[in-house]
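Observations on chain architecture
Now for the letters of each chain:
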Amino acid sequence: MEKLFLVGKEAQKIRQAHLDDHSNHSHLPNVSFISSNSGRYQDLDEDNRGTLRVDVVNPYPASSLERVEGDLNQAPPTFTVDQAVDQIGFGKFQLKLSCLAGFAWMADAMEMMILSILSPALKCEWDLNGWQQALVTTVVFCGMMMSSAIWGKISDRHGRRVELLLCSFITFYYGLISAGAPNLWWLLFLRCFVGIGIGGSPQSVTLYSEFLPSKQRAKCLVLTEVFWALGSCFEVLLALFVMPTLGWRWLLGLSSLPLLVFDIACLWMPESARFFMASGQTRRAYDVLERIAKENGTTMPPGELVSDAGQRKDTTPRGRFADLVGPDFRRTTFLLWIIWYGWPINV
């Protein structure tokens, strides 16, 4: 005979386990509840009133007891953001996000393509020298160079969506008012701020990738380059119709409008669930994933959402430049720098 001291509900679980293991036997385990000193039986639903003594007569092996004990100690299932995105899959939400991210890529391509169209027109109108004409293009890239690291820090601290709204509005605003520049120096100043805004545009691809399942991620990211080509071609077509009749000022103003459309469309776009997890906002991350699953007509994984480290909150510091050149990312950082340095030279 085994004598155990258990609460009533645990005793019921043990008895059910015996029933499962020995359903073919006619003899069931005898469970007797011992009364208290007051002369009455303890209420099974009462808590914190002493333990209930249970005498279990068990002629069979104790495997069922071990199984019940394992069930009581078993941790609840967990899942990460990547696992949730993979289970949700590619659906309506990703299709909408593909169009939105591609539209942002098109708008930035238009702002870059306009440089090759603007310089010859300004040379004729303002009688620019060669170095002055070159400055029209150079200041945009200087703005991109100065702002890129800052945009990355903003994105890690305040979110990808916030960064995209801010940088696209800056590009739109300074692109629009640069159409009214009275002279070369004002134009250079305003176009430098256009470059500062363009420096944050790659975050649209970052946000896009964090909502893509791993099976479709590489394919979809490469296809975003199609939107860059479409934006460049559209700018050339726009210049063919606008430049001969309305001039370069109208071209600058019209070319900035797609970024305003993108800013308005961003009101629909949610923040990255990965960012929410990294900043300790687990509830908001779960709500974003649940919204995507509902829009795609799928279900969420069962269990609790945790970070990649298995924690409810990621305590790793974020947005530090030192991490890029640290032991974990040094090699990747230098390889990407080489690739991005060589890409404009060959284009």
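Bringing the pattern of salt bridges into the picture now. Counted by the stated rule, this structure contains six salt bridges. Note that Asp82 is salt-bridged to Arg274, the shortest N-O span being 2.7 Å. Taken together, the residues span a long stretch of sequence, with Asp82 in helix α3 (residues 81-88) and Arg274 in helix α11 (residues 273-278) at a distance of 192 residues. The class for Arg274 is partly exposed, based on a relative accessible area of 29%. Residue Glu295 is joined to Lys96 by a salt bridge in which the shortest nitrogen-to-oxygen separation is 2.9 Å. In this pair, Glu295 sits in helix α12 (residues 282-296) while Lys96 sits in helix α4 (residues 92-126), placing the two residues 199 residues apart along the sequence. A relative accessible area of 44% places Lys96 in the partly exposed class.

All right, on to the confidence of the model for the protein then. The pLDDT averaged across the protein works out to 77; a share of 73% of its residues lies at or above 70. The secondary-structure element of the protein with the lowest mean pLDDT is strand β1 (residues 2-6), recorded at 43, while helix α7 (residues 184-198) shows the highest, at 91.

Here the focus is a nonpolar patch on the surface. Residues Phe169, Tyr173, Leu176 and Ile177 make up a contiguous nonpolar surface patch of about 330 Å² in total accessible area. The residue Tyr173 is located in helix α6 (residues 160-177) in this model.

A separate point is α6. Relative to the 26 Å expected for 18 residues at 1.5 Å per residue, α6 spans 26 Å between its end C-alpha atoms, a close match to the ideal helical length. Taken together, the buried positions of α6 are occupied by Arg160, Glu163, Leu164, Cys167, Ser168, Ile170, Thr171, Phe172 and Gly175.

Soluble, globular proteins show a tendency: their nonpolar side chains are buried together. Counting residues in each nonpolar core, the largest one holds 33 residues, and the members touching the most others are Val81, Phe211, Met269, Leu289 and Leu305. Elements represented by at least two residues in this core include exactly α3, α4, α6, α8 (203-209), α11 and α12. For Leu289, the residues in contact, after removing those within four places along its chain, are Val81, Ala84, Val85, Ile88, Ala273, Met300 and Leu305. Residues Met112, Ala121, Leu187 and Leu188 belong to the second largest nonpolar core, which totals 27 residues.

Calculation rules
Residues numbered from 1 in each chain as written. Predicted model: local features only at pLDDT ≥ 70, side-chain atom pairs only at ≥ 80, totals over all residues. Heavy atoms only, no water. Salt bridge = Lys/Arg side-chain N within 4 Å of Asp/Glu carboxyl O. Helix = DSSP H or I, 4+ residues; strand = E, 2+ residues; numbered from the N terminus. Buried < 20%, exposed > 50% of the residue type's maximum accessible area, 1.4 Å probe, protein only. pLDDT = per-residue confidence, 0-100. Patch = residues over 30% accessible without salt bridge, like charges linked within 9 Å, V, L, I, M, F, W, Y side chains within 5 Å. Areas by Shrake-Rupley, 256 points an atom, 1.4 Å probe, with all protein chains shown as cover. Expected span 1.5 Å × (residues − 1). Core = buried A, V, L, I, M, F, W, Y, C linked by side-chain atoms within 4.5 Å. Contact = heavy atoms within 4.5 Å.

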